[in-house]
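A look at the structure
Listed below are the residues making up each chain.
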Amino acid sequence: MKYKSMKKVHSGKFIHRYDITYQTKTGGEKVYEMISRNPKAESIRDLREQKADAVVLIMHDKSGEHLLLNREFRLALGDWVYNFPAGLIDKGETAEESAARELKEETGLNLIEIREQMAISYSAVGFSNEKNICMVGTADGTFEKSSSPLEEIEAAWYTKEEVRNLLLTEPFAARTQAYAYLWSRE
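Residues numbered from 1 in each chain as written. Predicted model: local features only at pLDDT ≥ 70, side-chain atom pairs only at ≥ 80, totals over all residues. Heavy atoms only, no water.

**Here we look at the overall build of the protein**
Our working definition: Only DSSP runs of H or I with at least four residues qualify as helices, and only runs of E with at least two residues qualify as strands; both kinds are numbered from the N terminus onward. Remark: exposure states derive from per-residue accessible area (1.4 Å probe, protein chains only) relative to the maximum for the residue type, with buried under 20%, exposed over 50%, and partly exposed in between. Only heavy atoms matter for contacts: two residues are in contact if any of them lie within 4.5 Å across the pair. The method behind every accessible area is Shrake-Rupley, applied with a 1.4 Å probe, and residues are considered shielded solely by the protein chains displayed. His is not counted, nor are the chain ends, whereas Lys and Arg count as positive and Asp and Glu as negative. Every charge is mapped onto a representative atom, which is NZ of Lys, CZ of Arg, CG of Asp or CD of Glu.
What the protein contains, in helices and strands, is four helices and ten strands. Reading the helices (α) and strands (β) of the protein from amino to carboxyl end gives β-β-β-α-β-β-β-β-α-β-β-β-α-α. Considered along the principal axes of its C-alpha atoms, the protein spans approximately 55 × 35 × 30 Å. Counting the 186 residues in the protein, one finds 39% classified as buried. In the protein, once contacts between residues fewer than 6 apart in sequence are set aside, the share between residues at least 24 apart is 54%. Carbon and sulfur atoms make up 52% of the accessible area of the protein, which totals about 11,000 Å². One way to put it: in the protein the 26 positive side-chain charges average out to a point 9 Å from where the 30 negative ones average out.

Right, here's the structure in full:
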């Protein structure tokens, strides 16, 4: 595919919709609809070179025997889903600062250690260029309700057996499901 052009179709408070036109290898034209966090994307370079939008937190307890999962009401689904704590990186904030803040806001827990920070990943590469930084680490403390009145989150620690059972019966975000499956099989 060869990039030809890009046009903003709609701008919302948090996401912006674009039509990207490509020339196919057979000479045809493909118009692709996508969303972005970038309100000012004008070229393919703007889509590729943006900084990370959000953090994803893969947290274990100090023993390493429990995985932190949020059971969260997601407005786009109108239903509850299991997911890792995650959130947008605020302007002027580092990914590490965002990780600690989001963990505290969503669960009440404290970030003890980030053991690994992965390369960029995408939330939903089929229709968005939203970039994430996944962090693996340790959390500790006492669970508290989300500090945001706009979020309904039930955070808890889960053993491998509990995770295996959830995977058979409950809806998950895809990235969380993939990691939880592999972790629960170790």
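Having seen the structure, we can now continue with the description.
**A closer look at the side chain of histidine 60**
Assignment of secondary structure puts histidine 60 in strand β4 (residues 54-60). Once you skip the residues sitting within four places of it in the chain, histidine 60 turns out to touch His66, Leu67, Arg115, Val136, Gly137, Thr138, Ala139, Trp157, Tyr179 and Trp183.

**Considering helix α2 (residues 95-107)**
Structurally, the α-helix is built with 3.6 residues per turn, so residues lying three or four positions apart point the same way. How we decide: To estimate the expected span of a helix, count its residues, drop one, and scale the result by 1.5 Å.
Here α2 spans 18 Å end to end across 13 residues, near enough to the 18 Å set by a 1.5 Å rise per residue. Burial in α2 covers these residues: Ala95, Ser98, Ala99, Arg101, Glu102, Leu103, Glu106 and Thr107. Contacts from the buried residues of α2 go to β4, β5 (67-74), β7 (86-88), β8 (110-122), β9 (131-140) and β10 (153-158). Two residues or fewer after α2 comes glycine 108, characterised by a positive phi angle close to 85°.

**Let's talk about the nonpolar core**
Put simply, the test is: Each nonpolar core is a collection of buried residues, namely Ala, Val, Leu, Ile, Met, Phe, Trp, Tyr and Cys, held together in the definition by side-chain atoms within 4.5 Å.
By size, the foremost hydrophobic cluster in this structure holds 16 residues, and its most contacted members are Leu67, Leu69, Val163 and Phe172. For this core, the secondary-structure elements that each account for two or more residues are β4, β5, β9, α3 (160-169) and α4 (174-184). Examining the composition of this core, we find that three residues originate from one element, α3, more than from any other. Beyond its immediate chain neighbours, meaning those up to four positions away, valine 163 contacts Leu67, Leu69, Tyr158, Ala180, Trp183 and Ser184. Counting residues in each nonpolar core, the second largest holds 14 residues, with Ala52, Met59, Ile133 and Met135 among its members.

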